[in-house]
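For reference, the chains in residue letters:
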Amino acid sequence: MSKVEKFAFHIPSLEELVGVLQNGLKENFADVHVSVVDCPDLTQEPFTFPVKGICGKPRIADVGGVPYLLPLVQKDKIYDLNTVAKEIQLPGAFFLGAGAVSSRTVGCNAELVPIVQAKNGDKPAVNGSYLAKINPENGGCLLEKYSTKYHDCEFGLLANLYACEGLPGKVIEVKANQRTGELNFISCMRKVLEKHYGDKPVGMGGTFVIQKGKAKIHIMPSEFSACPLETDEQMNNWLKFFEMKAPLTCQPVLVSRDPGFDLRLEHTHCFSHHGEGGHYHTDTTPETVEYLGYFMPAEYLFRIDRPKETHMVGRD
Ligand SMILES: [Zn+2]
């Protein structure tokens, strides 16, 4: 097991968060509607998750970090979601989020879209994850369902995870259409929370759908960089960027402010049912974009295997 640090988030009521987000998101979107609703059945399209909801003991885990990817990769950094579930004191946890695949399992580097119900006693894990990699044939995106080829729950290097019991319940629904500001959907939510709650960090996770428009998405190359990536510019030259089309189902993890654990404050990976997916940066169609999301505030943050040597490159 890795070194695990635990922190209790500030947990506003859902009703309070509705007011804060409704007010704040208006600065960045023309049409905003935030409310408390029953979580829709997430086993249905476009989610097709192995569980019904995002409720029950919500928590956030930040595992590893970008310093294990660059300047040069540390391939021995391999983790297992079944182990992480125990480390966050929630065996059988349902995970959503953003990470990198285990290159030991997959044989190359790729984006991981973790959607996993961890094993619980005799009950085996259900892995509904996707991976997005560069298609060696044409340099395009190759989105694969993880379980068609692989049978573990591993990941590599880093992951930002929202975890819960996967239960139905009350959640925050956020509808935001037509982007009028510079911030992407999740950065806007995070900054609104940071502004309102200041040094009382709030963490949130869940899922949202880009229902209309297109988005800027990156996928890491299959080969790790042989030369050190020391700056954001070098990192961005290494990454492959795409414009992908809606509907994209996205798994965000956000923390309003770092309480001192060297966190990645926001990280969102997405998949689709039309062969596209990867790491979400922003929409490229502000006039027509439509976001619909379901979120829960997390109770605890778990920081797992925090890098000893760190830097701020590549955290977008
Ligand atoms: Zn990513």
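You'll find the structure just up there.
## Here's the deal with the coordination of the zinc ion
Thought 1: Protein-derived ligands of the zinc ion are His 267 (NE2), His 269 (NE2) and His 279 (ND1), with the metal-ligand distances lying across 2.0 to 2.1 Å.
Thought 2: Each donor residue of the zinc ion lies on one chain, and together they are spaced H-x1-H-x9-H.
Thought 3: Since its relative accessible area comes to 3%, His 267 is described here as buried.

## A word on the packing of aromatic side chains
Thought 1: Going through the model one piece at a time under the given rule, you end up with 17 aromatic pairs.
Thought 2: A cation sits over an aromatic face here: Lys 6 above Tyr 300, 4.3 Å from the ring centre.
Thought 3: A cation sits over an aromatic face here: Lys 77 above Tyr 68, 4.6 Å from the ring centre.

## Focus: the packing of helix α1 (residues 14-25) against helix α4 (residues 185-197)
Thought 1: Orientation of α1 relative to α4, taken along the N-to-C sense of each, is 115°, at an axis distance of 9 Å. Between α1 and α4 the crossing geometry is right-handed. Between α1, through Glu 16, Leu 17, Val 20, Leu 21, Gly 24 and Leu 25, and α4, the contact on the second element is made entirely by Phe 185, Cys 188, Met 189, Val 192, Leu 193, His 196 and Tyr 197.
Thought 2: For the contact of α1 with α4, a count of residues per class yields ten nonpolar, two polar and one charged.

## Brief notes about the nonpolar core
Thought 1: In terms of nonpolar packing, the biggest core is built from 69 residues, with Ile 54, Phe 185 and Ile 210 touching the most fellow members.
Thought 2: If one sorts the elements of this core by residue count, α4 sits on top with seven residues.
Thought 3: Ignoring anything within four residues of it in the chain, the contact list for Phe 185 reads Leu 25, Phe 29, Val 174, Ala 176, Phe 208, Tyr 280, Tyr 291 and Phe 295.

What counts, and where the lines are drawn
- Counting of residues starts from 1 at the beginning of each chain's written sequence and follows it residue by residue.
- Restriction of local features to residues with pLDDT of at least 70 applies here, the model being predicted, together with a cutoff of 80 or more for giving and counting side-chain atom pairs; totals for whole chains, interfaces and linings are based on all residues.
- Side-chain figures throughout are based on the complete set of non-hydrogen atoms in the structure, without hydrogens or water.
- In this analysis a donor is any N, O or S atom within 2.8 Å of a metal ion (3.2 Å for sodium, potassium and calcium), and since water is not included, sites may seem incomplete.
- Burial status follows relative accessibility: with a 1.4 Å probe on protein chains alone, a residue under 20% of its type maximum counts as buried, one over 50% as exposed, and anything between as partly exposed.
- Aromatic contacts are taken between Phe, Tyr and Trp rings whose centres are within 6.5 Å, Trp giving its six-membered ring; a plane angle under 30 degrees counts as stacked, one over 60 as edge-to-face, and the others as tilted.
- Two conditions define a charge sitting above a ring: the NZ of Lys or the CZ of Arg must be within 6 Å of the ring centre, and it must be within 35 degrees of the ring normal.
- Only the stretch in contact is used when fitting a helix axis, every axis being a line fitted to C-alpha atoms; angles between N-to-C directions are given from 0 to 180 degrees.
- Only DSSP runs of H or I covering at least 4 residues are called helices, and only runs of E covering at least 2 are called strands; the numbering of each starts at the N terminus.
- In this scheme, a crossing is called left-handed if the near helix is turned counterclockwise away from the far one by less than a right angle; it is called right-handed if the turn is clockwise.
- Note on contacts: a residue pair is in contact if any heavy atoms of the two residues lie within 4.5 Å.
- In this count, Pro and Cys sit with the nonpolar residues alongside Ala, Val, Leu, Ile, Met, Phe, Trp and Tyr, while Asp, Glu, Lys and Arg are called charged and the others, Gly among them, polar.
- Each nonpolar core is a collection of buried residues, namely Ala, Val, Leu, Ile, Met, Phe, Trp, Tyr and Cys, held together in the definition by side-chain atoms within 4.5 Å.

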